[in-house]
Amino acid sequence: MKIPRRRFVITGISLAFTTLLPARSRAAPTSVSETDPTAQALGYKSDAAKVDKTKYPKYVAGQMCSNCQLYQGKPGAATGPCPIYAGKLVESKGWCSAYVKKA
Ligand code: SF4
């Protein structure tokens, strides 16, 4: 059976759109931006060393997302989920004022 070239091309393009585009829409979560409204409200910094210690005096050197109770990233991962920023990733070396020392 011979498939007309035009039908073959149209079917191929249709398949590409129906299989590849949904996969793209399920792309990995993005990192939290420091300009995100929640991040700004909580003083999130992607690098804990850059926390404004005057504004956040409870910050203690060494505190970072990777040793926060709320951090859900895998050990050694550069980023991981945090329920405060649902659907986004925080840097393992980041920090925000919702920090809770891991027990
Ligand atoms: Fe990082 Fe904890 Fe703040 Fe989440 S709550 S951003 S894990 S310091």
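Residues numbered from 1 in each chain as written. Predicted model: local features only at pLDDT ≥ 70, side-chain atom pairs only at ≥ 80, totals over all residues. Heavy atoms only, no water.

A separate point is the pattern of salt bridges. Summed over the entire model, instances satisfying the criterion amount to two salt bridges. The residue Glu34 makes a salt bridge to Lys45 at a minimum N-O spacing of 3.7 Å. In this pair, Glu34 is assigned in the loop between helix H1 (5-25) and helix H2 (37-42) and Lys45 in the loop between H2 and strand S1 (79-81), connecting sequence segments eleven residues apart. Assessed through its relative accessible area of 28%, Lys45 is described here as partly exposed. Among the salt bridges present, the one from Asp36 reaches Lys88, with a minimum N-O distance of 3.3 Å. Remark: Lys88 occurs in the loop between S1 and strand S2 (89-91) and Asp36 occurs in the loop between H1 and H2; sequence separation between them is 52 residues. (Salt bridge = Lys/Arg side-chain N within 4 Å of Asp/Glu carboxyl O. Helix = DSSP H or I, 4+ residues; strand = E, 2+ residues; numbered from the N terminus. Buried < 20%, exposed > 50% of the residue type's maximum accessible area, 1.4 Å probe, protein only.)

A few words on the packing of aromatic side chains. Counting across every chain of the model gives three aromatic pairs. Measuring from centroid to centroid gives 5.2 Å for Tyr59 and Trp95, while their planes differ by 80°, and the two rings are edge-to-face. Pair noted here: Tyr59 is in the loop between H2 and S1 and Trp95 is in the segment after S2, with a separation of 36 residues, a long-range link. For the pair Tyr59 and Trp95, one class covers both residues: buried. Grouped by ring-pair contacts, the aromatic residues Tyr56, Tyr59 and Trp95 constitute a single cluster. (Phe/Tyr/Trp six-rings, centres within 6.5 Å; stacked < 30°, edge-to-face > 60°.)

Close contacts around the ligand come from 13 residues, with Cys65, Cys68, Cys82, Tyr85 and Cys96 the closest. Here the residues of the shell around the ligand are counted per class, giving 13 nonpolar, no polar and no charged. (Near = heavy atom within 4 Å. Nonpolar A, V, L, I, M, F, W, Y, C, P; charged D, E, K, R; others polar.)

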